[in-house]
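Structure at a glance
Given next are the chains, with one letter for each unit.
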Amino acid sequence: MNSKELSLFLSEDIFVIKDEINEKMAADRMAARMDLESETSAVLEEPENEQIGSKEQDPEPLEYEGEFQKSILVIYQGDVLRESSRAFLFKVFRAVNLSLRDIALVSEKSLKDCNEDPLSQLDPNKMILFGTLHHPLMGMKKDNYHISQEPFEYFFADELEELEKNEGLKRKLWNTLQVFFNIKKQ
């Protein structure tokens, strides 16, 4: 409920202490992240082997390119990144002052090969997903170029190959990136 709705039920003044708001927001954010992680991991779990005496499978870590220093997860559609798409992507990253050192660049194939939840494994602060994947992460999608804040900042964009060819989509991507990375327009 918002304060206007609450005023219909309460006749006394209510005071909110700033520290309590921050604690509540942090608790809500953590709860949302845990819910998402449990949903994603539940979908990612492989069915148990029916054989007697079978061993549990060791977790396969998510394979990615980059050093992930700024905790930015970038996922793209497909098994490998074509050279032209790769060049386009790194040109976009340079425009927002990012390099491979700052991100974890993940293919759709790496997501499928990993039997561990990528969000709990990497715990990103931000995520950009290019294209459409056959993965539970797609459940987080609202609309392309819509920045969501929970459980962390993320947005979905069109496939890289399509972005390369379409000036209108490039503009949409650039406008979203300016907001996403708090870049002042010049």
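Quick caveat, the model's predicted, so the values are computed rather than measured. (Residues numbered from 1 in each chain as written. Predicted model: local features only at pLDDT ≥ 70, side-chain atom pairs only at ≥ 80, totals over all residues. Heavy atoms only, no water.)

Formed by 26 residues in total, the largest nonpolar core has its most connected members in F130, F155 and L173. Of all the secondary structure elements, the ones that give two or more residues to this core are β1 (72-76), α3 (83-95), β2 (103-107), β3 (126-130), β4 (153-157), α6 (160-165) and α7 (167-180). Sort the elements by how many residues they give to this core and α3 lands first, with five residues. Ranked by size, the runner-up nonpolar core spans 19 residues in total, among them F68, I75, A104 and C114. (Core = buried A, V, L, I, M, F, W, Y, C linked by side-chain atoms within 4.5 Å. Buried < 20%, exposed > 50% of the residue type's maximum accessible area, 1.4 Å probe, protein only. Helix = DSSP H or I, 4+ residues; strand = E, 2+ residues; numbered from the N terminus.)

With that settled, consider the pairing of β2. Summarising burial for β2: five of the five residues are buried, a large majority. The side-chain alternation of β2 yields two buried faces, one formed by I103, L105 and S107 and the other by A104 and V106. Here β1 pairs with β2 via five bridges, running parallel. Within β2, the position partnered with L73 by the bridge is A104. Since β1 and β2 lie parallel, the crossover through α3 that links them has a hand, and here it is right-handed. (Pairing = 2+ DSSP bridges. Right-handed = clockwise from strand over helix to strand, strands pointing away.)

The next subject is the confidence of the model for the chain. A residue-level look at the chain finds 67% of positions with pLDDT of 70 or above and a mean pLDDT of 80. Every residue in residues 46-56 scores below 50 in pLDDT, and together they form three contacts with partners more than four places removed in sequence or on other chains. (pLDDT = per-residue confidence, 0-100. Contact = heavy atoms within 4.5 Å.)

Looking at the element boundaries, F90 is found in helix α3. With 10 residues separating them in the primary sequence, F90 and L100 have C-alpha atoms 8.1 Å apart. Beyond its immediate chain neighbours, meaning those up to four positions away, F90 contacts L100 and L105.

Below, the discussion takes up the packing of aromatic side chains. In this description, a pair of aromatic rings is defined by centroid distance and the angle of the planes. For the structure shown, the criterion picks out six aromatic pairs. Centre to centre, the rings of Y64 and F68 are 6.1 Å apart; their planes meet at 55°, and the pair counts as tilted. Note on Y64: relative accessible area 34%, which makes it partly exposed. Aromatic pair F155 and F180: ring centres 4.9 Å apart, planes at 85°, arrangement edge-to-face. Residue F155 is located in strand β4, and its partner F180 is located in helix α7; the two are separated by 25 residues in the primary sequence. Comparing F155 with F180 shows no difference in burial state: the two are buried. Each member of the aromatic cluster is reached from another via a ring pair, and the members are F152, Y154 and F156. (Phe/Tyr/Trp six-rings, centres within 6.5 Å; stacked < 30°, edge-to-face > 60°.)

Next up on the list: the pattern of salt bridges. Taken as a whole and judged by the stated rule, the model has seven salt bridges. Between D113 and K109 there is a salt bridge, with the nearest N and O atoms lying 2.7 Å from each other. Taken together, the positions of D113 and K109, both in helix α4 (residues 108-113) and four residues apart, correspond to about one turn of that helix. Among the residues examined, D113 registers a relative accessible area of 48% and is labelled partly exposed. On the basis of relative accessible area, K109 is assigned to the partly exposed category, the value being 38%. One salt bridge in this structure joins K165 and E161, with 4.0 Å as the shortest N-O distance. Placement of both K165 and E161 in helix α6 is noted, with a separation of four residues, approximately one turn of the helix. Connected through shared salt-bridge partners, R82, E161 and K165 make up one network. (Salt bridge = Lys/Arg side-chain N within 4 Å of Asp/Glu carboxyl O.)

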